[in-house]
Amino acid sequence: LIAASFGIIGLGTMIAPLKNFVVNSQSIQWYAWGTLILFILVPIVAIIQWIIRTIIGHKTKSPVIGITLGVLWFLGWVSVTMLVATISKQFRRTGSVKTEMALVQPSNGKLLINFKDAKGQYYPLDLNIGDDDEFQDNGNEIMLTANEDSLLLSNIRIKLEHSRDSQFHVTLVRRARGNTPLDAESFAADISFDINQADSMLTLPESFPVTTTQKFRNQQVIVEIQVPVGREVYVDRKAENLHWYSFKGGPKGLSITLDDDWDSENGWRSGVWYIMKESGIEKKYKDQIIDEGDIDEIERKLREEIKKENMKVEEMKIKMTDKDTSIEIKAEGITPRETEEEEPAGNGKYRIGMNLLLSTMRLLKVNS
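Residues numbered from 1 in each chain as written. Predicted model: local features only at pLDDT ≥ 70, side-chain atom pairs only at ≥ 80, totals over all residues. Heavy atoms only, no water.

Caption draft 1: Main features of the overall build of the protein chain. Per the secondary structure count, the protein chain includes 9 helices and 18 strands. A separation threshold of at least 6 residues defines the contact pool for the protein chain, and within that pool the share at least 24 residues apart is 72%. Here the protein chain has roughly 22000 Å² of accessible surface; of this, 56% comes from carbon and sulfur atoms. (Helix = DSSP H or I, 4+ residues; strand = E, 2+ residues; numbered from the N terminus. Contact = heavy atoms within 4.5 Å. Areas by Shrake-Rupley, 256 points an atom, 1.4 Å probe, with all protein chains shown as cover.)

What follows is the structure, encoded as C-alpha cells:
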C-alpha cells in the first residue's frame, strides 16, 4: 500500500507538466490535491493503521480516529466530485471553424497527400533521451517542447469524398470544445494547421501544437478532400500515425472515446492509389493486395508463429504479384515439444503446417 502511494505520487509528478494545458483556474488545482490526499491517500492510511492495530493486538477502539478519517474521506469525495464537474464543464459544448483552401488544380489530374513534421524540437514526456530524429516519427508519444509550453496533437482525420464538380476541393474543418459554443469556436480558430501545395503534392502537418496559453480543449482537425470522378488520389502511409479521440463533458462527467480505425470506416487505407468512380472510391489496381511495408510485417509475424512451434526459420521468401502469391519457408525444428500423449508419426508436422497455413491466410486477410 505504501509502495502504491509512492507510485501514485510518482505518476502525478510525471504528468504534472500536462496540467498547465488543462487547468485554467486555481480551484481545479485545489480539487486535484484534495482528490490525491483526501480521496486516495486517506483510505490507504486508514487501512495501514487498522492492520498495525490488528497485528499488535490493540483492542481499544478510538472513535476519534474513525470519525476523523471518515470526515477527511468525505471531503475527498467532495474534491473528486468538484474536480470532475469543473473539468467536464470545460468540454461541455462543441464549436467548429470551416475554411476552404484555395487549391490549384494538379496538372496530371492526380493528388498525392503527404505529411510533414511539426516545426521546432519536441521531446517525449517520459524523457527517454535517445535519437532526436525518432521523436518526430513516434506517433504514440506525448511530445512537449523543452520548456514544456507547447504540446503536439495528432488528432487529425482525412475524408475522401465525391467532388461537387470536375475539380479537386480541400476544406479544412477545425473543431474544439469549451464551456460555451463561442468559447469552443475561439479555441478552434486558434489551431495552427498550414497546408502546402506543389502541383499534385499536397502536404499536411502530421501534428499541430497547442500551447499552455491556448489550453487543451479536444482540438481536432478534419481535412475534407473532394475528388472528381475519374481522378486519382493517394494518401501517404504516415497517415497511420494520426490518432482520433474525443473528450466530451456532460452531466455524468467526462467521457473519452478513442477511434484509430477511422480510415477503414471511410472505405480507404493509406499507401494505396484510389480512383473516384460514380459509385464511390475504388482501388486503382484492383488486384493490388499489399505493398512492401506490409510484406515485411507479414514476414515478421510469420516468423513469430514459427517460433511458437519451437522451430527456427532458415530462409523465407514472399512474392506477390497481381495474380499469384507464393510464400517459401525453410525451417528446422529445435527441440520437440513435450506433450502429455504421444502423437503418431507425421501428426506433428501436419499440425505445424496447418497452423502456418491458417496464420498466413489470416495475415493476408488482415492486410488485404
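Read on, since the account is not over.
Caption draft 2: Spotlight on the sheet that holds strand β11 (residues 220-227). The sheet built from 4 strands is open, its strands ordered β1-β7-β11-β6 with mixed pairing. Strands with a single pairing partner mark the edges of an open sheet, and in this sheet they are β1 (93-100) and β6 (156-162). Ignoring which end each strand starts from, the neighbouring axes of this sheet average 20° apart. Sheet topology note: the β1/strand β7 (residues 169-178) ladder contains 8 bridges and is antiparallel. Directly across from T94, in β7, lies its bridge partner R177. (Pairing = 2+ DSSP bridges. Axes fitted to C-alpha atoms, helices over the stretch in contact; angles between N-to-C directions.)

Caption draft 3: Broad picture of the nonpolar core. If you look at the biggest cluster of nonpolar residues, it comprises 43 residues, and the most contacted ones within it are I113, I158, F193, L204 and I225. With 4 residues, the top contributor of residues to this core is β11. In this structure, F193 is in contact with I156, L172, L204, P205, F208, V221 and V223, ignoring residues within four places of it in sequence. Residues L302, M311, M316 and I318 belong to the second largest nonpolar core, which totals 7 residues. (Core = buried A, V, L, I, M, F, W, Y, C linked by side-chain atoms within 4.5 Å. Buried < 20%, exposed > 50% of the residue type's maximum accessible area, 1.4 Å probe, protein only.)

Caption draft 4: Molecular detail of the packing of helix α1 (residues 2-14) against helix α3 (residues 26-55). Where α1 contacts α3, the two axes come as close as 10 Å, and the packing angle between them is 165°. Taken together, the axes of α1 and α3 lie roughly antiparallel to each other. For the pair α1 and α3, the sense of crossing is left-handed. Contact residues: α1 offers I2, S5 and I8, while α3 offers L36, I40, L41, I44 and I48. Class assignment of the residues belonging to the contact of α1 with α3 gives a composition of 7 nonpolar, 1 polar and no charged. (Parallel < 35°, antiparallel > 145°, perpendicular 65-115°, else oblique. Left-handed = near helix turned anticlockwise from the far one by under 90°. Nonpolar A, V, L, I, M, F, W, Y, C, P; charged D, E, K, R; others polar.)

Caption draft 5: Representation of the pattern of salt bridges within the structure. Scanning all chains against the criterion turns up 5 salt bridges. Close ionic contact of E232 with K110 constitutes a salt bridge, the shortest N to O distance being 3.6 Å. A residue pair is termed long-range when its members are at least 10 positions apart, and E232 in strand β12 (residues 232-235) and K110 in strand β2 (residues 110-116) qualify at 122 residues. When its relative accessible area of 13% is taken as the criterion, E232 is described as buried. With a closest N to O distance of 3.0 Å, K284 and E232 form a salt bridge. Of the two residues, K284 is situated in the loop between β16 (280-283) and α8 (292-308) and E232 in strand β12; the sequence distance between them amounts to 52 residues. Accessibility expressed as a relative area gives 27% for K284, which makes it partly exposed. Within the structure, one salt-bridge network assembled from shared partners comprises K110, E232 and K284. (Salt bridge = Lys/Arg side-chain N within 4 Å of Asp/Glu carboxyl O.)

Caption draft 6: The arrangement of the packing of aromatic side chains in detail. For the coordinates displayed, the defined rule picks out 9 aromatic pairs. Taken together, a centroid distance of 4.8 Å and an interplanar angle of 85° make the contact between F39 and W77 edge-to-face. Here F39 is found in helix α3, whereas its partner W77 is found in helix α4 (residues 63-89), with 38 residues between them in sequence. Looking at F39, the relative accessible area reads 23%, which means it is partly exposed. For W77, a relative accessible area of 43% translates into the label partly exposed. Members of the aromatic cluster, joined through ring pairs, are F91, F216, Y245 and F247. Note that K110 overlies the ring of W273, its terminal NZ or CZ placed 5.7 Å from the centroid. The ring of F91 has R217 sitting right over it, with the charged end atom 5.6 Å from the ring centre. (Phe/Tyr/Trp six-rings, centres within 6.5 Å; stacked < 30°, edge-to-face > 60°. Lys NZ or Arg CZ within 6 Å of the ring centre and 35° of its normal.)

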